[in-house]
Amino acid sequence: MSSVDSTGAEKPRHKASRAPRTPMSERPAKERARDFGEVGMGYTQEEAIAEANRCLQCRNATCIEGCPVNIDIKSFIGHIIDGEWSQGVAVLKERNALPAVCGRVCPQEEQCEIACVLSKKGEPVAIGRLERYLGDYDLACEIDHRCVPEVADPSGRRCAVVGSGPAGLACAGELARLGHAVTIFESLHAPGGVLTYGIPEFRLPMQIVETEIEMLTQMGVEIITDTVVGATVTLEELRTTEGFDAVFIGNGAGLPVFMGIPGENLNGVYSANEFLTRVNLMGAYDFPKADTPVWRGRKVAVVGGGNVAMDAARTALRLGAEEVFLAYRRTQDEMPARREEVHHAQQEGVEFKMLCSPVEIVGSDGFVTGFTATRMELGEPDASGRRAPVCVMDSEFTIECDTVIMAVGTRANPLLSNAAPDLELTSRGYIVADETGATNLEGIYAGGDIVTGAATVILAMGAGKRAAQAMDGWLKDLS
Amino acid sequence: MFRIVHKRQLSDAVFEMGVEAPRIAEKARAGQFLMLRIAEGGERIPLTFSDWSAQDGWVRFIFMRVGKTTHELAHLEVGDSLLDVVGPLGVPTHVDGLGRVAVIGGGVGAAVAYPVARAMAAAGSEVTVILGARNADLLILEDEFRALDGVDVVVATDDGSAGEKALVTAPLGRMAGEGTIDNAMAIGPAIMMKFCAQTAREHGVPCVVSLNPIMVDGTGMCGACRVTVDGETKFGCVDGPDFDGWKVDFEELMSRQRIYVDDERLADAEYSRECSCHL
Ligand SMILES: Cc1cc2nc3c(=O)[nH]c(=O)nc-3n(C[C@H](O)[C@H](O)[C@H](O)COP(=O)(O)OP(=O)(O)OC[C@H]3O[C@@H](n4cnc5c(N)ncnc54)[C@H](O)[C@@H]3O)c2cc1C
Ligand SMILES: Cc1cc2nc3c(=O)[nH]c(=O)nc-3n(C[C@H](O)[C@H](O)[C@H](O)COP(=O)(O)OP(=O)(O)OC[C@H]3O[C@@H](n4cnc5c(N)ncnc54)[C@H](O)[C@@H]3O)c2cc1C
Ligand code: SF4
Ligand code: SF4
Ligand code: FES
């Protein structure tokens, strides 16, 4: 049997290698835990080819179903096998504007890779790493050799995109490709959303995000920073005085949640958002060279068990903390963080205190000195399907620390919606949108965390792209 | 980039500055603030609008030189630019239907008090401005306040070098005691606002305060600006900056303002060392 590629040409049958999954080299934990350089080094060309050769090029490529944006995984891996890097990049970019980003931060192990036929034996093709390889290949090219999507003839329509996180960037890229003039309005001074202010450099180098954004500007997308929609300009004004034909809202879910326990406003208690923003966006790791300070704890407690908690804990280590531990109310099995991140955090020396829930933060002279927690045990499964933590009576104990970072979730920020009273919201303040991203207001679309609640980069990008296509249809109907 | 179009020194350490920012100028209201960043690597700091012109597309603020960023700002001149200016942020001050109102501006707080007093007077309130400072040299905007229609001005200095020798709480207590005010609003250092709120409360007069917690983004995404009001945590930047002074936990505010004092001293010392001109 031979396989047929997209051009219809016959190719010799691919003979899959039976080698074990190709490891990706990482900087040693001891070394990397003290700086902000990237942890994973990426595949070399030989490694990428070796790994690609493990792919069976299945006739029924189940992996594709596992990817939320249905990247043609089989085809891009096929191009790696054949050494056709640019073609591989092009396949990725049909569905995913930021492969170098997703290859690094996507929860692959529970999406595409778990759906790979080889995962039954516990050794799925390392799809994420291969995606990263091609993404990096593309980024390393001179800008005019990069795979810049073809831009359609100008449609004469103007679109506004609110927020420059993954949802906004993907939407803007797709709209530009379809020939619309796009302006992104971003409230912070730098674009990128969580990719810029949240996810730390050691997981996602800033340079990657910057280069990807540069490509959007090459495609004609205009980015206006320092503009808070809902304050500097309202949603309605974007449509009226500012003259945009359609608007996409991708403002994320960036309002930090606290636990509401006593002592939470002591000095030394941070939301993960504040802590990470100070370090990543404001460059506090470089204080006093950069002007923004951050409280550098010696003994740091992080409350939570998601990616955000891991990022905060590992960042605290890199700022020089002697001891960093994580307090999580369930056990490691229930942690929502990616396994790889948990593993890296442990390697680097982050200590996990499981089944532990803070009830009060204590301090003296206004500064944190520790917290009191209760022991938890796991009860019956709750709505999320995970076993719910229950307090153990009279089990309170105290832990010493000088910093507490709360990574217990985020909510919708009402700044934009407060100034748009007609926009339909859920009871918790998220924007109501259908699967195309359409809101109850004509010409106004939304997607990403502001619709789904805190989720993932790839889901936000998928939503942004789908909305762009719906907006395109709507704009065509206008004329 | 936001071009500086106006600069004026009001006292030894206080400056007024105007920048071109047409979108912001169109929206600014009394009591709201902006966040600015001078250059790459700079800190984002909040400053309240002291004035604005939608027509000419500029906003102004008045700042006191206290640390590195405000030092650097004081060195800039008309024609220079700020890298980032964002706003208007915060909930505008409530200025309608206040009847007879005392607006207390302590130190650089007078800058914030100015547009507030002006807006209150324009909305039909009878405004008495109480300006306080350590001494006459530190008193700012007195002439501007006196030039406002419908505004009376009372001056108090710690050393008596201008107006009466007293803290601002003295005239405030007097007016509240005599029943000549229905409302009060205090703007200035936390300690001053605390005592103003206390004095007003003793006489049953409501007192709004404009809080100045440390901020990072100013848009509700970090929580640096947490303040406790009536036992509840609020975000100063989006829920405020104005709050009911009777209910604010001022001790916590003052404690939280001190978190980075050592770092701030370090940053400013480094800056002064590098900085050729001398202050
Ligand atoms: C620390 C951290 C680590 C994470 N790790 C991972 C990971 O490993 N893998 C993964 O898949 N996901 C991860 N996530 C989740 C992922 O980053 C988000 O789901 C994703 O970024 C959501 O994209 P978005 O575009 O909807 O919103 P955001 O990325 O939040 O972007 C929203 C943008 O809108 C701007 N904005 C907000 N309000 C306004 C306004 N009124 N006007 C103008 N602009 C506005 C914001 O400043 C921001 O730039 C992580 C999240 C965090 C916080
Ligand atoms: C809503 C609001 C409105 C304000 N309006 C004015 C104004 O109109 N005029 C004026 O002179 N000042 C105002 N301030 C205070 C002003 O922001 C600080 O003086 C300024 O940030 C000091 O920066 P610095 O680097 O020069 O000094 P630093 O050495 O960094 O700090 C000196 C003092 O300023 C406070 N501070 C430092 N950084 C911040 C920050 N990012 N946010 C808030 N406070 C900070 C510190 O607590 C410290 O007490 C306002 C503050 C807030 C929150
Ligand atoms: S985008 Fe994510 S889920 Fe899709 S193929 Fe890439 S790594 Fe897998
Ligand atoms: S399911 Fe796995 S082996 Fe099959 S095509 Fe997809 S990646 Fe290759
Ligand atoms: S300054 Fe960040 S939430 Fe208020």
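Since the model is a prediction, treat every value here as computed from it, not as a measurement.

1. What about the site of ligand 2?
All names here are of chain B.
Next up, step 1: Taken together, 24 residues lie near ligand 2, and P46, T48, I62, T70 and M215 sit nearest.
Next up, step 2: P46 places a polar main-chain atom, nitrogen or oxygen, 2.7 Å from an oxygen atom of ligand 2.
Next up, step 3: Between ligand 2 and Q257 there is a distance of 2.9 Å, counted from an oxygen atom to a backbone nitrogen or oxygen.
Next up, step 4: Relative to its unbound accessible area of 850 Å², ligand 2 is 87% covered by the protein chains.
Next up, step 5: Secondary-structure elements contributing two or more residues to the shell around ligand 2 are β4 (45–53), β5 (58–64) and α2 (68–75).
Next up, step 6: Take the shell around ligand 2: its biggest share by element is 4 residues, from β4.
Next up, step 7: Inspection of the shell around ligand 2 shows a minimum of three residues originating in each of domain 1 (2–89) and domain 2 (100–257).

2. Digging into a negative patch on the surface
Next up, step 1: Together, B:D12, B:D137, B:D158 and B:D159 make up a negatively charged patch on the protein surface.
Next up, step 2: Relative to the assigned elements, B:D12 resides in the loop between β1 (2–11) and β2 (14–20).

3. Comments concerning the nonpolar core
The tendency in soluble globular proteins is for nonpolar side chains to be buried as a group.
Next up, step 1: Membership of the largest hydrophobic core comes to 68 residues, with the highest contact counts inside it found for A:I73, A:F76, A:I77, A:I127 and A:L130.
Next up, step 2: Viewed by domain, this core spans two of them, domain 1 (29–145) and domain 2 (158–254 + 413–478) of chain A, each represented by three or more residues.
Next up, step 3: Once residues lying within four places of it in the same chain are set aside, the contact partners of A:I73 are A:C63, A:I64, A:C67, A:C112 and A:I127.
Next up, step 4: Formed by 35 residues, the second largest nonpolar core is a distinct cluster that contains A:V300, A:V324, A:A337 and B:I259.

4. Some points on the site of ligand 4
Next up, step 1: Inspection of the region around ligand 4 gives A:C55, A:L56, A:C58, A:A61, A:T62, A:C63, A:C116, A:V117, A:V125 and A:I127 as its neighbouring residues.
Next up, step 2: Taken together, the residues of the shell around ligand 4 sort by class into 9 nonpolar, 1 polar and no charged.

5. Quick look at the state of the cysteines
Next up, step 1: Scanning all chains against the criterion turns up 0 disulfides over all chains.
Next up, step 2: Not part of a disulfide, A:C391 finds its nearest cysteine sulfur in A:C356, a span of 11 Å.

6. Some remarks on helix α13 (residues 307–318) of chain A
All names here are of chain A.
Next up, step 1: Taking 1.5 Å of rise per residue, the 12 residues of α13 would be expected to cover 16 Å, and the 16 Å separating its terminal C-alpha atoms lies within 8% of that figure.
Next up, step 2: Listed as buried for α13 are A309, M310, D311, A312, A313, R314, T315, A316, L317 and R318.
Next up, step 3: Following α13 by one or two positions, G320 has its phi on the positive side, about 105 degrees.

7. With respect to the pairing of β1(B)
Residues and elements named next belong to chain B.
Next up, step 1: The pairing of β1 with strand β6 (residues 81–82) spans 2 bridges and is classified as antiparallel. Across the sheet, residue F2 finds its bridge partner in β6, namely L82.
Next up, step 2: The pairing of β1 with β2 spans 6 bridges and is antiparallel. Bridge pairing in β2 places H6 opposite G18.
Next up, step 3: What sits between β1 and β2 in their antiparallel hairpin is a turn of 2 residues.

8. Regarding the domain arrangement of chain A
Many structure descriptions define interface size as the accessible area lost when the parts assemble.
All names here are of chain A.
Next up, step 1: For chain A, the assigned domains read domain 1 (29–145), domain 2 (158–254 + 413–478) and domain 3 (256–410).
Next up, step 2: For domain 1 versus domain 2, the separation of C-alpha centres amounts to 26 Å.
Next up, step 3: Contacts between the two partners involve 24 residues from domain 1, matched on the other side by 21 residues from domain 2.
Next up, step 4: Here domain 1 meets domain 2 over a buried area of about 1,900 Å², counting both sides, of which 76% is carbon and sulfur.
Next up, step 5: Between domain 1 and domain 2 we count 0 salt bridges in total.
Next up, step 6: Of all the secondary structure elements, the ones that give two or more residues to the side of domain 1 that touches domain 2 are α5 (85–95), α6 (99–105) and α7 (127–140).
Next up, step 7: With 6 residues, the single largest contributor to the side of domain 1 that touches domain 2 is α6.
Next up, step 8: Considered class by class, the residues forming the side of domain 1 that touches domain 2 number 15 nonpolar, 3 polar and 6 charged.

Calculation notes
- Residues numbered from 1 in each chain as written.
- Chains lettered and ligands numbered in written order.
- Predicted model: local features only at pLDDT ≥ 70, side-chain atom pairs only at ≥ 80, totals over all residues.
- Heavy atoms only, no water.
- Near = heavy atom within 4 Å.
- Polar contact = N/O pair within 3.5 Å; in protein donor to acceptor, adjacent residues only side chain to side chain.
- Areas by Shrake-Rupley, 256 points an atom, 1.4 Å probe, with all protein chains shown as cover.
- Helix = DSSP H or I, 4+ residues; strand = E, 2+ residues; numbered from the N terminus.
- Domains from an automatic or database assignment.
- Patch = residues over 30% accessible without salt bridge, like charges linked within 9 Å, V, L, I, M, F, W, Y side chains within 5 Å.
- Salt bridge = Lys/Arg side-chain N within 4 Å of Asp/Glu carboxyl O.
- Lys, Arg positive; Asp, Glu negative; His and termini not counted.
- Charge placed at Lys NZ, Arg CZ, Asp CG, Glu CD.
- Core = buried A, V, L, I, M, F, W, Y, C linked by side-chain atoms within 4.5 Å.
- Buried < 20%, exposed > 50% of the residue type's maximum accessible area, 1.4 Å probe, protein only.
- Contact = heavy atoms within 4.5 Å.
- Nonpolar A, V, L, I, M, F, W, Y, C, P; charged D, E, K, R; others polar.
- Disulfide = S-S within 2.5 Å.
- Expected span 1.5 Å × (residues − 1).
- Pairing = 2+ DSSP bridges.
- Buried area = accessible area lost by both parts, 1.4 Å probe.

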